[in-house]
Amino acid sequence: MTKETRFNYAEIEARIYEMWREKGCFQSAINSQGVVVDEKKHGKNPYVISIPPPNVTGRLHMGHALNNTFQDMLIRYKRMDGYDALWVPGTDHAGIATQTVVKKMLDAEGIDYRELGREKFIEKIWEWKQKFGGIILQQLEKLGCSCDWDRTRFTMDEGLSKAVVKTFKTLFDEGLIYRGKRIVNWCPVDRTALSDDEVETKEGGEPGFLWHIKYLYADGTGHVVVATTRPETLFGDVAVAVNPKDERYTKLVGKNVILPLQERVIPVIADEYVDMAFGTGCLKITPAHDPNDFEIGSRHKLEPINVMHEDARMNDVVPERYRGLDRYICREKAIEELKKKGLLVLEEERMTPIGRSYRSKAAIEYRLSDQWFVKMKPLAEKVLEKHSELNIVPQRWNKVYLEWLHNIRDWCISRQIWWGHRIPAYYCVRDQSLKTKDQCQEACPPIVSETMPEKCPHCGNTNIEQETDVLDTWFSSSLWPMSTLGWPEETPDFERYFPTTTLVTAKDIIFFWVARMNMMSVHFTGKLPFKNVFLNPVVLDEKGETMSKSKGNGIDPLVVINGSTLEDLKHPVMEARPSNMKEIIKRLEKTFPEGFEGVGADALRYTLIYLSSSGQQLKVSLNSFQDLGRRFMTKLWNAARFIMMYVEQENEKGDSVSIDFTAHITDEDKWIHTRAQLAANKVRECFDNHDFTNLGQHYYQYVWNDFCDWYIELCKVRLISDDAVQRKTALHNLITAFAKTLIILHPLIPHITEELWSKILPLGDKNELWGSARPTTEILMQASFIEKRDIAFEEQVILERFECLKEFVSDVRTLRKSYNIKEAQNLSAHAYALDDAAKHLLAQSQATISRLAHISDLTVLKNRDEKPGRTVAIIHKSYEIYLDVSEYVDVEKEKARLSKEIQKLDNHIVSLNKRLQNRSFVENASSEVVAEQRESLSANKEKLQKLEQLLTDIASW
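Residues numbered from 1 in each chain as written. Predicted model: local features only at pLDDT ≥ 70, side-chain atom pairs only at ≥ 80, totals over all residues. Heavy atoms only, no water.

Q: How should the overall build of the protein chain be read in this particular structure?
A: Regarding its fold elements, the protein chain presents 32 helices and 33 strands. For the protein chain, the C-alpha atoms occupy an extent of roughly 115 × 70 × 55 Å along the three principal directions. Burial statistics for the protein chain: of 957 residues in total, 53% are counted as buried. The long-range fraction of contacts in the protein chain, counting pairs at least 24 apart against all pairs at least 6 apart in sequence, stands at 78%. Accessible surface, the protein chain: about 44,000 Å² in total, of which carbon and sulfur atoms supply 48%. When the 128 basic and 140 acidic side-chain charges of the protein chain are each reduced to a single mean position, those positions are 2 Å apart. (Helix = DSSP H or I, 4+ residues; strand = E, 2+ residues; numbered from the N terminus. Buried < 20%, exposed > 50% of the residue type's maximum accessible area, 1.4 Å probe, protein only. Contact = heavy atoms within 4.5 Å. Areas by Shrake-Rupley, 256 points an atom, 1.4 Å probe, with all protein chains shown as cover. Lys, Arg positive; Asp, Glu negative; His and termini not counted. Charge placed at Lys NZ, Arg CZ, Asp CG, Glu CD.)

Q: When you look at the pattern of salt bridges in this model, what are you seeing that I'm missing?
A: Opposite charge on two side chains allows them to pair when their charged atoms are near. Considering all chains together, one arrives at 55 salt bridges under this definition. Measuring nitrogen to oxygen at the nearest pair gives 3.9 Å for the salt bridge that ties R179 to D370. Here the residue R179 occupies a position in strand β5 (residues 177-187), and D370 occupies one in strand β16 (residues 365-374), the gap between them amounting to 191 residues. Sharing partners across several salt bridges, the network here consists of R230, E232, R327, R331 and E365. (Salt bridge = Lys/Arg side-chain N within 4 Å of Asp/Glu carboxyl O.)

Q: Sorry, what's going on with the nonpolar core here?
A: Within soluble globular proteins, side chains that are nonpolar tend to cluster in buried spots. With 222 residues, the main nonpolar core has F475, F707 and L883 as its most contacted residues. In contact with L883, other than residues within four places in its own chain, are V812, L815, L827, S828, A829, R870, T871, V872 and I874. L252, M308, Y322 and L338 belong to the second largest nonpolar core, which has 30 residues in total. (Core = buried A, V, L, I, M, F, W, Y, C linked by side-chain atoms within 4.5 Å.)

Q: So what exactly am I meant to see when it comes to the environment of T674 here?
A: Positionally, T674 belongs in helix α23 (residues 667-689). For T674, a relative accessible area of 1% gives the class buried. Through-space distance from the C-alpha of T674 to that of M80 is 20 Å; in sequence the pair is 594 residues apart. Not counting chain neighbours up to four residues away, the residues in contact with T674 comprise I791, E795 and L799. In this structure the side chain of T674 is engaged in a polar contact, spanning 2.8 Å, whose partner is the backbone oxygen of K670. (Polar contact = N/O pair within 3.5 Å; in protein donor to acceptor, adjacent residues only side chain to side chain.)

Q: Mind showing me how you'd approach the sheet that holds strand β6 (residues 192-194) here?
A: Pairing between sheet strands relies on hydrogen bonds along the backbone, with the strands arranged either parallel or antiparallel. Spatial ordering of the open sheet is given by β6-β5-β16-β18, a layout of 4 strands whose pairing is antiparallel. Only two strands of the sheet have a single neighbouring strand rather than two, namely β6 and β18 (411-412). Strand direction decides the pairing type here: β16 and β18, joined by 2 bridges, are antiparallel. Bridge assignment links F373 to a residue of β18, and that residue is C412. (Pairing = 2+ DSSP bridges.)

Q: Before we go on, may I ask you to explain the packing of helix α24 (residues 695-719) against helix α25 (residues 724-745) in this structure?
A: When two helices pack together, their arrangement is given by the angle between the helix axes and the distance between those axes. For the pair α24 and α25, interaxial distance at closest approach is 10 Å and the crossing angle is 170°. As the angle between them shows, α24 and α25 are arranged roughly antiparallel. On α25, the residues that touch Y699, Y702, V703, F707, Y711, I712, C715, R718 and L719 of α24 are Q726, R727, T729, A730, L731, N733, L734, A737, F738, T741, I744 and L745. Residue classes in the contact of α24 with α25 are distributed as 15 nonpolar, 4 polar and 2 charged. (Axes fitted to C-alpha atoms, helices over the stretch in contact; angles between N-to-C directions. Parallel < 35°, antiparallel > 145°, perpendicular 65-115°, else oblique. Nonpolar A, V, L, I, M, F, W, Y, C, P; charged D, E, K, R; others polar.)

Q: What is the right way to read the packing of aromatic side chains from this model?
A: The relation between two aromatic rings is expressed through the spacing of the ring centres and the mutual angle of the planes. The tally for this structure, following the rule as stated, stands at 39 aromatic pairs. Centre to centre, the rings of F121 and W418 are 5.8 Å apart; their planes meet at 65°, and the pair counts as edge-to-face. Taken together, the positions of F121 in helix α6 (residues 118-132) and W418 in the loop between β19 (414-415) and β20 (425-428) put the pair 297 residues apart, joining distant regions of the chain. When its relative accessible area of 0% is taken as the criterion, F121 is described as buried. By way of ring pairs, the aromatic residues F70, Y77, F534, F687, F692 and F785 are connected into one cluster. The cationic tip of R76 hangs over the ring face of W20; the distance from NZ or CZ to the ring centre is 4.4 Å. One Lys or Arg, K333, reaches over the ring of Y322 and ends 5.5 Å from the middle of that ring. (Phe/Tyr/Trp six-rings, centres within 6.5 Å; stacked < 30°, edge-to-face > 60°. Lys NZ or Arg CZ within 6 Å of the ring centre and 35° of its normal.)

Q: Looking at this structure, I do not really get empty space enclosed by the protein. What am I missing?
A: In this approach a probe as big as a water molecule rolls over the atoms, and the regions it shows empty are the leftover space. Per the stated rule, a full pass over the model turns up 3 cavities of 30 Å³ or more. Taken together, W186, P188, H289, M308, H309, E310, A312, E365, Y366 and R367 form the lining of the largest cavity. In terms of residue count, β16 provides more of the lining of the largest cavity than any other element does, 3 residues in total. Here the residues of the lining of the largest cavity are counted per class, giving 5 nonpolar, 2 polar and 3 charged. (1 Å grid on protein atoms, 1.4 Å probe; cavity = no way out; pocket = protein on both sides within 12 Å on 5 of 7 lines; lining within 4 Å. Points joined across faces, edges and corners; volume = space filled by probe spheres on them.)

Q: Whenever I open this one, helix α30 (residues 891-917) confuses me. Can you help?
A: The periodicity of an α-helix, 3.6 residues per turn, causes residues three or four positions apart to be oriented the same way. The terminal C-alpha atoms of α30, which comprises 27 residues, lie 38 Å apart, in line with the 39 Å expected from a rise of 1.5 Å per residue. Residues of α30 that are buried include every one of E894, L898, I902, L905, I909, L912 and L916, and no others. Among the structural elements, α27 (793-818), α31 (919-924) and α32 (927-955) are those in contact with the buried residues of α30. (Expected span 1.5 Å × (residues − 1).)

Q: Would you mind showing me how to read the environment of D84 here?
A: Position of D84 relative to the elements: it lies in strand β2 (residues 84-88). Taking the relative accessible area as the measure of exposure, D84 reaches 0% and is therefore buried. If near-sequence neighbours (up to four positions away) are discounted, D84 is found in contact with S28, A29, K41, K44, N45, P46, Y47, R496 and Y497. A polar side-chain atom of D84 sits 2.8 Å from a polar atom in the side chain of R496.

Q: Please clarify how the packing of helix α4 (residues 95-108) against α6 should be interpreted in this entry.
A: Between α4 and α6, the shortest axis-to-axis distance is 10 Å and the interhelical angle comes to 100°. Taken together, α4 and α6 sit at an angle that is classed as roughly perpendicular. Counting all contacts with α4, which are made through T98, Q99, V101, V102, K103, M105 and L106, the residues of α6 involved are F121, K124, I125 and W128. Tallied by class, the residues present in the contact of α4 with α6 amount to 7 nonpolar, 2 polar and 2 charged.

Q: Looking at this structure, I do not really get unusual backbone geometry. What am I missing?
A: Most of the time, phi is negative for any residue but glycine, and the peptide bond is trans. The amide bond that connects V393 to the next residue, P394, takes the cis arrangement and shows omega of 0°. Its location among the elements puts P394 in the loop between β17 (391-393) and α12 (397-406). Along the chain, W487 connects to P488 via a cis peptide bond; the corresponding omega equals 15°. Inspection of the secondary structure puts P488 in the loop between α15 (480-483) and α16 (492-497). Phi is positive for K361, close to 70°, though the residue is something other than glycine. Tracing the backbone shows K361 in the loop between β15 (355-357) and β16. Overall, the relative accessible area of 42% leaves K361 in the partly exposed class.

As structure tokens, then:
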């Protein structure tokens, strides 16, 4: 391996992943057939994650990569920590999304899916699913996800479909599902109803108009002015409403007005809902196209009039000249005609709230139609009683979640599409000429049954037809933690692994999915479906903007892993054609002229977790995967190569010296083992608390700084020693500390750590370098995570001593940099200890300090007065260092440089002081900005003191 200068991720990651699968490393104690296959695991506590099922149409995006990295880290950590860990994978049938994809495919072939018919179209979707539906799961394997793939589920599998039907029937029988004519959110693109949670409204609204329109009195005595944002719906007006307390209009109540453009007579009514301050205080009532108008119409027994088809084109109710027009074209034509007739009084610009479909992004219509609903309040009340048992991280999302539950509305669960779980409701059709649901229901109510009824239980008729609507995709998803484990059957899986333990998901589906899973689970089992909900950060581009195809700023995780040509990098940008396309293309051509060199899955995972320290928003660029992820993998790989090179050299020497390694351990060895223990404790704390804010920094600090930059350097003197005991003791501690390092790192970067584990184990065996510390497992994934323990007093002393050493060396290095003295230029130094830690350090580690700080002659002073002249001083709380730099410094030039820098810094400090003494600034600036300014002032004052000390030292020469 020492000849392999780089981590060959393409070969190693694929090989390692296949090995894990072959060895059954992803399995839990019970296999997918319900048979106990691991008695040892079976005696342990379960830890279960149900994957948020990606859409079967999906392709891996950066949000998936982050979410599944969190899940994989948790499941790997819990496996190593002795739990019977199970990660259940699967995909969602994604009703609207999948139907749209297959419809477009058929359109390209010149096939109209409606002419094909329902059954044939569904067959086409199943064919598509068999061919393409597993792609995203294969991509998750590429990421290193350790799911139990034998348990892969699909929301329309037979068992899961039975659970859906059972749930619908039970809720219907309990009076919690009902069918009614209601105003629903309607997507004219997908031609289906949407729940309130599937509608997005931009904060502050969108640019629009408020049109003030004359409605003439039917008796010809005048007119009233009505304000509306939707003149295209006036053809469905059935009244004009005013507030009964509005003295301007009390005399109008009971009069009739003529509906503009249609000449239909409608009444003026009084209703307290009307906002007297909005518009003119007169409200057009259109019950079929507004939920509030529908309620008003119901109170006044006004018949609703629907003026649009399902695709938002105007229907035959409207005047002939408007029929078939798109709603917005109709709006323009209506405004034009109102102007010509002198009926348009005012066109007022205003921001208007417009609901849009979360999927098609089309502006929704309010449409009156028959739909199926779930009564949510009774279900929400049960969940609220259990809320103390649920741990949501970050905690601030509890408030948002609870507010939604307290203000919940009934859930529209029917969708007017073909792909999905068909609603198990049946209609009695007595007369073949009367096949609409409304006409049938007048005679017999709908029959809800788990199987097709042979005859109508109300009248005995055998002509039965099933409901054509399907269920909202989120209905089946709400059962996911239960149905994937066999519910409603009492399977071995369900008995052992339900409730699950942790859900990792995005905050934007906390209502769509999380709350509804809680409702179904509590209602049917009396238990919450999971104990913990971790809401992962949102992945943004480097400028802090959300990633999307339309912006062309998305980063494909598979490009990061595998690499890409420049042309392939440019393709999605050119396809999206964002406004700044030229700028993006130019930046890609400059940064990646030869394309992007892939970094592998581990580097991608490390980068995402490291950047997650920013909190709930993670900014990432293609460069960051190379600058952070690949560099970290290279650092770890080179550390392993260094260790193995010396192990191989020692093995070649063949010295058969038997060594008691504990008798020859040094302080530096004790230090790295203590640092490893501290790192393991911190990583454990992050995983156990689902607080990953500082996880990346913990890994970096320990691996990069402590192990690679310090400990390996500290060991070099012993590694080249002629003393076999010193060499072998150093190697023993290097490989044992490195083994601990691999264990700590494994949950995050599993492939490279597994590969290095497989290399280092046999190497350490050849010369008995492991001693009694040899790991017992040949597969790192099956190793035990380091137990948490407190640091002993003696270890704390070692930590303080080595912190002193690191600061001593760093101070010398910093001073070298200040005077531009290269490492090759050795300095002589005198040191004086101010406390016991420094005294011990200077007595024990004089040679180590000299080598690391490139000091040719280090003299330890017994008395401060013995310090030599013509030196610069480093003053520390534990020591003083006096360095002779006179031969490297032009005194006059250096004095001038330092004076200039001191003056500049002094001016900056004065400016900062003035700002912080300004009451207006302190009171009006954010607390973060004020804290940042104070921190800057403190740091600059400290820097000024050091520069003044340097100037004083040089001036005395």
